[in-house]
Amino acid sequence: VCFSFKYFVENFLPFPISFGQVEFMSGGRMDWQGKMEHIDDHFKELGERIGIEGATVPKLNVGGSVEVYDKFYTPELKEMVYERFKEDFEQLGYDK
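The rules behind these values
Residues numbered from 1 in each chain as written. Predicted model: local features only at pLDDT ≥ 70, side-chain atom pairs only at ≥ 80, totals over all residues. Heavy atoms only, no water. Salt bridge = Lys/Arg side-chain N within 4 Å of Asp/Glu carboxyl O. Helix = DSSP H or I, 4+ residues; strand = E, 2+ residues; numbered from the N terminus. Buried < 20%, exposed > 50% of the residue type's maximum accessible area, 1.4 Å probe, protein only. Patch = residues over 30% accessible without salt bridge, like charges linked within 9 Å, V, L, I, M, F, W, Y side chains within 5 Å. Areas by Shrake-Rupley, 256 points an atom, 1.4 Å probe, with all protein chains shown as cover. Lys, Arg positive; Asp, Glu negative; His and termini not counted. Charge placed at Lys NZ, Arg CZ, Asp CG, Glu CD. Phe/Tyr/Trp six-rings, centres within 6.5 Å; stacked < 30°, edge-to-face > 60°. Lys NZ or Arg CZ within 6 Å of the ring centre and 35° of its normal. pLDDT = per-residue confidence, 0-100.

**Student:** Describe the pattern of salt bridges, with residues and values.
**Tutor:** Per the counting criterion, the structure on display carries three salt bridges. With its nearest N and O atoms 2.7 Å apart, the salt bridge here joins Lys59 to Asp40. Of this pair, Lys59 sits in the loop between α3 (39-49) and α4 (66-72) while Asp40 is found in helix α3, placing the two residues 19 residues apart along the sequence. Under the relative-accessibility criterion, Asp40 is labelled partly exposed at 41%.

Given below as structure tokens:
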């Protein structure tokens with residue numbers, strides 16, 4: 001069975017099994033979090049924290065663009081995702 005992104009957001013996002021990063025981290029499961037936007041710097045920092053100097057992330061399957069994002073996220077879906085993960089947007093510094 002293959003669901004559309006719209007179907008997924010509308011039907012699965014409301015379930016409590018989907019939780020955000022802030023909620024996940026608040027359970028004491030993690031003590032550090034990086035962001036994909038800064039993956040190179042954050043991976044290096046994480047490597048240094050665990051004793052691996054010069055750690056790098058290989059660039060595989062690089063792609064994506066705003067056009068692809070806009071193809072899937074209608075204004076209504078953006079609002080649904082924002083409302084479900086509002087705490088993440090606010091605490092992690094992402095724009096709505």
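**Student:** Quick rundown of a negative patch on the surface? Include the residues and the values.
**Tutor:** Residues Asp41, Glu45, Glu48 and Glu53 make up a contiguous surface patch of negative charge. Among the structural elements, Asp41 can be located in helix α3. According to the relative accessible area criterion, Asp41 is exposed, its value standing at 56%.

**Student:** Residues and numbers for the packing of aromatic side chains, please.
**Tutor:** Under the counting rule described, the total for this entry stands at seven aromatic pairs. Note on Tyr7 and Phe12: the rings are 6.2 Å apart at their centroids and 65° apart in plane angle, and the pair reads as edge-to-face. Overall, Tyr7 belongs to the partly exposed group, its relative accessible area being 36%. Summarising the aromatic geometry, the rings of Tyr82 and Phe89 are spaced 5.0 Å apart at their centres and angled 65° between planes, so their arrangement reads as edge-to-face. Tyr82 sits in the buried class, given a relative accessible area of 12%. Every member of this aromatic cluster is reached through a ring pair, and the members are Phe3, Tyr7, Phe8 and Phe12. The ring of Phe85 has Arg84 lying over it, and the distance from NZ or CZ to the ring centre is 5.1 Å.

**Student:** Any details on the confidence of the model for the protein chain? Residues and values, ideally.
**Tutor:** In this model, the protein chain carries a mean pLDDT of 81, and residues with pLDDT of at least 70 account for 86%. When mean pLDDT is taken per element in the protein chain, helix α5 (residues 75-84) scores highest with 90 and helix α2 (residues 21-29) scores lowest with 69.

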